Amino acid sequence: MLYASKLSLNSPKHALLQDSRIAWSENPPEGAWCIGDRLTARSLESIYETCDKDVPNLIPPEFMSSMDGLSQGAVPWPLVIPQRVLYENLSTIADELEELLAIVGDYSDVLVAGRSVIERLVPCRIDLAALRVAQGESQQHTVLETFEPGPDSMANPIVYSHRTATGRMTVAEGPRILTLQKAHRKILSSRYAGGRVYQIDFVSLEPRVLRLLRAGEAPADIYGAIASRLDGVDRRHAKLATLKSLYGASGQSVREEVGAGAHKLMKEINDYFGLDSIRRKISEADEPRNLWGRPIPEARDPHLSVSHYTQSTAVDVSLMGFSRIMDRISDADLDVKPVFVLHDALLVDCHPDALERVREIVAEGVDIDRLGHFCLSFEPAYVDVEG
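In this text, all values refer to a predicted model and were calculated from it rather than measured experimentally.

Visitor: Can you help me understand the sheet that holds strand S4 (residues 33-35) in this one?
Guide: Where strands meet in a sheet, backbone hydrogen bonds hold them as pairs that are either parallel or antiparallel. A sheet is described by the order of its strands in space; here four strands give the open sequence S3-S2-S1-S4, paired in mixed fashion. Of all strands in the sheet, those with a lone pairing partner are strand S3 (21-25) and S4, marking the two edges. Averaged over all pairs of adjacent strands, the angle between strand axes in this sheet comes to 30 degrees, irrespective of strand direction. Inspection of the sheet shows strand S2 (residues 14-18) paired to S3 by five bridges, in the antiparallel sense. Residue pairing for S3: Gln-18 is matched across the bridge by Arg-21. Contacts from helix H5 (residues 83-104) reach strand S1 (2-4), S2, S3 and S4 within the one sheet, and its direction differs from that of S3 by about 90 degrees.

Next up, the structure:
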């Protein structure tokens, strides 16, 4: 089932595509896909972005153009567009959505499960004084201005897009948190007296995905484990070589950083993570997909097969993991609000009374089906200069 959000229609009710007519409802039907609200978990836009397709216009262009000169954001579209036209447009969109859902298959369920945390995001409170100081000191003016708060001291809602080669999210609208320098996170304030914004982070996410796929378990310190398998290799070089190998760096690049033992180290990394099996799996696939079934067509390039498969799988791990962490926090009835997703990190606004229990929940890590256990860290999103 498909419905058009009342937000996009400027209507008190949602428009539901039902049988051969439009039905109107104050509440969205359970399990239906939504067009016009990119913050909901079952956003039609997320399916189009996953398939690298342009999102169709809910409002036909001829009606949009007829409103030129007026405040389109305030147009009550159900009073402007004949219901027959709205029905035909939604029917066409619904037919195309069915075709895209057939392409992604069961991955749509994984996408929705991960987007549960996106649906829960709330605007972050902004410290206006700190923002003004940052704007005076930094060259990041265009980034910082996206955090300008409203009269309630809150930033605008953030809207993410999945339209990348691996599904790694970008910011479509709102605060550009992904490119905000860490030193400027001091502008992120708490809605709670004595509260603070914290960061829940996956530990070595992408290497851990590969090791779990390879062995079914992974040590807490993956890089230390690799280093311990070879004489004369320290953890720093093991980490450097691992990341370079996962992202397609040449052997020469690794040798320049690691030295004479680079060949043996890269061979160990290839075996430890099963990289050849990933390459073989992608090369033999008619349509390359990540572990969950997300299409990753650019992975056909042998230089990108490991990196795209790993990163795309890790994107879904992180979103599903954050959704489950927030489920546990909600079950514990804690005053904690998720405010931003930064790839493999989740920023949360935490009430001081909830801090220790949240720390305990995060320390337990999270289990992901088909993979296993993932370690998480918990720390302030920024450190005060004085500290």
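Visitor: Can you walk me through the pattern of salt bridges in this structure?
Guide: It is possible for side chains bearing opposite charge to pair when their charged atoms get close. Counted by the stated rule, this structure contains 16 salt bridges. Where Asp-369 meets Arg-324, a salt bridge forms, and the shortest distance between an N and an O atom there is 3.8 Å. Here Arg-324 lies in helix H15 (residues 305-331) and Asp-369 lies in the loop between strand S12 (366-368) and strand S13 (372-374), a separation of 45 residues in the sequence. Its relative accessible area of 53% is what places Asp-369 among the exposed residues. With relative accessibility at 28%, the residue Arg-324 sits in the partly exposed group. The shortest N-O distance in the salt bridge between Glu-364 and Arg-328 comes to 2.9 Å. With Glu-364 in the loop between helix H16 (355-363) and S12 and Arg-328 in helix H15, the pair connects residues that are 36 residues apart, well separated along the chain. The exposure class assigned to Glu-364 is partly exposed, which follows from its relative accessible area of 46%. Because the salt bridges share partners, they merge into one network encompassing Asp-52, Asp-54 and Arg-163.

Visitor: What exactly am I supposed to notice about the pairing of S2 here?
Guide: Walk down a regular strand and you will see the side chains alternate between the two sheet faces. Extensive coverage of S2 is indicated by the burial of four of its five residues. Bridge count between S1 and S2: two bridges; the pairing is antiparallel. Looking at S2, one finds that Tyr-3 is bridged to Leu-16. Hairpin connection, S2 to S3: the antiparallel pair is bridged by two residues, and Asp-19 has positive phi, about 55 degrees.

Visitor: Would you take a moment to explain H16 for this structure?
Guide: Along H16, the residues classified as buried are Leu-355, Val-358, Ile-361 and Val-362. The arc that holds the buried residues of H16, viewed along the axis, is 125 degrees, so those residues lie on one side. Taken together, the buried residues of H16 touch strand S9 (196-202), H15, strand S10 (336-342), strand S11 (345-350) and strand S14 (376-380).

Visitor: Honestly, the nonpolar core in this entry has me stumped. Any pointers?
Guide: When a protein is soluble and globular, its nonpolar side chains tend to lie buried together. Core analysis: the largest hydrophobic core is formed by 118 residues, its most contacted members being Ile-177, Leu-188, Phe-340 and Phe-374. Ranked by residues supplied to this core, first place goes to H15 with eleven residues. With residues up to four places along the chain from it excluded, the contact list for Phe-374 reads Phe-202, Leu-205, Arg-208, Val-209, Leu-212, Val-317, Gly-365, Val-366 and Ile-368. Counting residues in hydrophobic clusters, the runner-up holds five residues, among them Leu-16, Ala-23, Ala-32 and Cys-34.

Visitor: Explain a negative patch on the surface here, please?
Guide: On the surface, Asp-95, Glu-96, Glu-98 and Glu-99 cluster together into a negatively charged patch. Within the element layout of this structure, Asp-95 appears in helix H5. Residue Asp-95 is classed as exposed on the basis of its relative accessible area of 53%.

About the criteria used
Residues numbered from 1 in each chain as written. Predicted model: local features only at pLDDT ≥ 70, side-chain atom pairs only at ≥ 80, totals over all residues. Heavy atoms only, no water. Pairing = 2+ DSSP bridges. Helix = DSSP H or I, 4+ residues; strand = E, 2+ residues; numbered from the N terminus. Axes fitted to C-alpha atoms, helices over the stretch in contact; angles between N-to-C directions. Contact = heavy atoms within 4.5 Å. Salt bridge = Lys/Arg side-chain N within 4 Å of Asp/Glu carboxyl O. Buried < 20%, exposed > 50% of the residue type's maximum accessible area, 1.4 Å probe, protein only. Arc of directions from axis to C-beta. Core = buried A, V, L, I, M, F, W, Y, C linked by side-chain atoms within 4.5 Å. Patch = residues over 30% accessible without salt bridge, like charges linked within 9 Å, V, L, I, M, F, W, Y side chains within 5 Å. Areas by Shrake-Rupley, 256 points an atom, 1.4 Å probe, with all protein chains shown as cover. Lys, Arg positive; Asp, Glu negative; His and termini not counted. Charge placed at Lys NZ, Arg CZ, Asp CG, Glu CD.

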